Amino acid sequence: MAANYDIPTPKKRLLSLQINPKLFEKATDEEKKQQDVMAQSTTFFRDGMRRLMKNPLAVISMIILIFVILVMAIAPSVVPYGYDEIITVEGVRDKEAANLKPFEYSPKEQAYMEKYNVQVFPHIMGTDELCRDYFIRVVYGTRVSFFVGIFASLMVLVIGTIYGAIAGYAGGKTDLIMMRIVDIIYSLPDILIIILLSVVLRETLDVSKVPLLGGLGSNMISMFIVFGLLYWVGMARLVRGQVLQTKENEYVLAAKSMGASSGRIIRKHILPNCLSVIIITTAQQIPTAIFTESYLSFIGLGVSLPRPSLGSLANAARSGMQSYPWKLVFPAAAIVLIVLAFNLIGDAMRDAFDPKLRK
Amino acid sequence: MTAYIISGGGNKQVAKYIIKRILLALVTMFLICFITFFAMNAIPGGPFNGEKAKSEAVLQVLNERYGLDQPVGVQFVNYMKRILHGDFGVSLKNGRDISSIISTRFAVSAKLGLMAILLALVFGIVLGAIAALKRNKWQDHVIIFFVTLFTAMPSFVMASFLLLIFCIQLKIVPVWSTENPNYILPVIALSLSPMANITRLTKTSMLDALGQDYVRTAKAKGVHPLKVIFVHTLRNALIPVITYVGPLTASILTGSLVVESIFTIGGLGSAFVDSITNRDYTMIMGVTIFLATIMVLVNLISDLVYKLVDPRIKLD
């Protein structure tokens, strides 16, 4: 193609590396279009989710958790037994239905089924020593664990974020005093304090008359009080650190010099930068809380009877471990499965949402 | 590095940090005693309202004898004095001296705990190093699979499963008894989950160290690969592991509460769990303070060692 625009041809010098612009061709429209292909514009959340969905372990964990949640939601309305209901056949208490194996029927149930030619709902995980259906007890125990995990991490989220943001944004003396308090709480041995306070609160707290909370039992309430008192410090430290770091950035200074209010700076510049830390820490808090709950239930400080919890079910199963090992295996497997799934999702979220790890 | 230690500013900073850290530990201990004391006071019905009803006169004598008729502040001061002298009072259930119960029971727990700590550290570091050196190979994948599994297993699940499989189903290991103490299973049950954490930690810091310039220089110089691993990489990679010794002790101590009860080992942990079930308050308080002291001390020491070992770490 001949040069058709006016660019003066530089004087050719020997050994010069100068390029003659006339040798260049104009790009066609098609060629220009090729250069236009860019990554689709994306938000922080959408980008993180896309990365999360690419992680096969995270996807499997999510499927497992969704399955567990569905079972928890549906099972109580499908299974015709209650978690504290003793199995009856034709309105009579079935004393032979204790410690049945999974999918086993008691002699009375078998006779009943033959007599009327109907199917009695199977005991998917057998029954316990008090003739209660074990499956529904494990399902309710899982519910308790989920409830504790999610509620505790929400508490950590709210208290930790507010505390950390105030300390980080205020700075100076306020920050110093607030962080000393955090240091002290952080160095308390949490499990011991939780045991101690649970023992005391169990004795002193009477919540049975309080509506809504009454059904939970004082052990559960004391557990939440202790979570609320102790577990938020990690989150507060992280959020404060993040706020301190973000606060010093040039774009915050630029926003300030353009007259942005502190509310706008927090909303638009500081909070979005802390979001990854907040999301990751909240997700990682859930398995910790489930662990603590099952631990406390195991040593007899968890939810009150007859309400089951995975920890107390495992504890109760210990005495008959020799003859009925499945009673230990089911709740223990449920704990491991849930904690594993939450752990993997937490790790995957850290990888997906932490911009510092991206390379 | 040397300049940093020799320079007066660095020394002053180190001293300041040590003092600050010791003060924090003291405040923490005071707070723990404070919480335990008021927790004990908050429980309705004093320590003498046991199963057997006592007459008013007897109660009054008892209250006077143990100083329970004095104001709370005075009681707290007395309580602190007694604790500082190592006197935790007597158990409400069997009337025995709590300090002597703790000292006899803790001997068993300490043996168990130290073995578990050792096992967790050795295997954690070795596995972590292997996982880092064989990154993305099958060794790494196998190690990380088990590590992920173990971190999701509470110590009581682990202990119950080990007992179920090896003692009851396979009958390889005899069940614990005082005449025939077999520490294998309880030690494994206690150490697996901290071991998993140490493996993760070692792997991360080892990978970090492997990417450093001085490692590349050593390799380029033709230093023997084993020397590169042990002298240049592992030594530096182990520094962050020091910080984990504090949480490791806490995890082993709290884990021993359930593991000891599962294996029916007569250590301090099972005594503590029994006292919770029996509502033996003085015992609960005594053991809480004792265990908390150990945890705070170990944390303090590991923090100080960490900061002193590596001068690159900023003293905050």
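Residues numbered from 1 in each chain as written. Chains lettered and ligands numbered in written order. Predicted model: local features only at pLDDT ≥ 70, side-chain atom pairs only at ≥ 80, totals over all residues. Heavy atoms only, no water.

### Points about the packing of helix α5 (residues 134-170) of chain A against helix α13 (residues 326-353) of chain A
Residue and element names in this part refer to chain A.
In step 1: Between α5 and α13, the shortest axis-to-axis distance is 11 Å and the interhelical angle comes to 30°. Here α5 lies roughly parallel to α13, going by the angle between them. α13 is crossed by α5, and the crossing has right-handed handedness. Packed against α5, whose contacting residues are Y134, V138, T142 and F146, the element α13 presents K327, F330, P331, I338 and F342 at the interface.
In step 2: When grouped by side-chain class, the residues that make up the contact of α5 with α13 number seven nonpolar, one polar and one charged. (Axes fitted to C-alpha atoms, helices over the stretch in contact; angles between N-to-C directions. Helix = DSSP H or I, 4+ residues; strand = E, 2+ residues; numbered from the N terminus. Parallel < 35°, antiparallel > 145°, perpendicular 65-115°, else oblique. Left-handed = near helix turned anticlockwise from the far one by under 90°. Contact = heavy atoms within 4.5 Å. Nonpolar A, V, L, I, M, F, W, Y, C, P; charged D, E, K, R; others polar.)

### Digging into empty space enclosed by the protein
In step 1: As enumerated under the stated definition, the model contains two cavities of 30 Å³ or more in all.
In step 2: Considering only enclosed or pocket space, the second largest cavity measures out at about 40 Å³ in volume.
In step 3: Residue lining of the second largest cavity: S187(A), R21(B), A25(B), T28(B), V296(B), N299(B) and L300(B), and that is the complete set.
In step 4: Among the secondary structure elements, those contributing two or more residues to the lining of the second largest cavity are α2 (8-42) and α13 (281-309) of chain B.
In step 5: In terms of residue class, the lining of the second largest cavity is built from three nonpolar, three polar and one charged. (1 Å grid on protein atoms, 1.4 Å probe; cavity = no way out; pocket = protein on both sides within 12 Å on 5 of 7 lines; lining within 4 Å. Points joined across faces, edges and corners; volume = space filled by probe spheres on them.)

### Things to note about the interface of chain A and chain B
In step 1: Each partner contributes residues to the interface: chain A has 39 residues there, and chain B has 45 residues.
In step 2: Counting each side, the surface lost to burial between chain A and chain B is near 3,600 Å², with a carbon and sulfur contribution of 80%.
In step 3: In this assembly, chain A and chain B are joined by one salt bridge.
In step 4: Of the charged contacts in the structure, one is a salt bridge between R200(B) and D347(A), with a shortest N-O distance of 2.9 Å.
In step 5: Inspection of the region where chain A meets chain B yields four residue pairs in polar contact (both at pLDDT 80 or more). (Buried area = accessible area lost by both parts, 1.4 Å probe. Salt bridge = Lys/Arg side-chain N within 4 Å of Asp/Glu carboxyl O. Polar contact = N/O pair within 3.5 Å; in protein donor to acceptor, adjacent residues only side chain to side chain.)

### What to know about helix α7 (residues 190-204) of chain A
All names here are of chain A.
In step 1: Relative to the 21 Å expected for 15 residues at 1.5 Å per residue, α7 spans 20 Å between its end C-alpha atoms, a close match to the ideal helical length.
In step 2: Summarising burial for α7: 12 of the 15 residues are buried, a large majority.
In step 3: Along α7, the residues classified as buried are I191, L192, I193, I194, I195, L196, L197, S198, V199, V200, L201 and R202. (Expected span 1.5 Å × (residues − 1). Buried < 20%, exposed > 50% of the residue type's maximum accessible area, 1.4 Å probe, protein only.)

### A short note on the nonpolar core
Nonpolar side chains in soluble globular proteins generally cluster together in the buried interior.
In step 1: Of all hydrophobic cores here, the largest spans 182 residues; its most connected members are I195(A), F227(A), I299(A) and F263(B).
In step 2: Setting aside anything within four residues of it in sequence, one finds I299(A) in contact with I195(A), V258(B), V273(B) and I276(B). (Core = buried A, V, L, I, M, F, W, Y, C linked by side-chain atoms within 4.5 Å.)

Any link to function would need more than the numbers given here.
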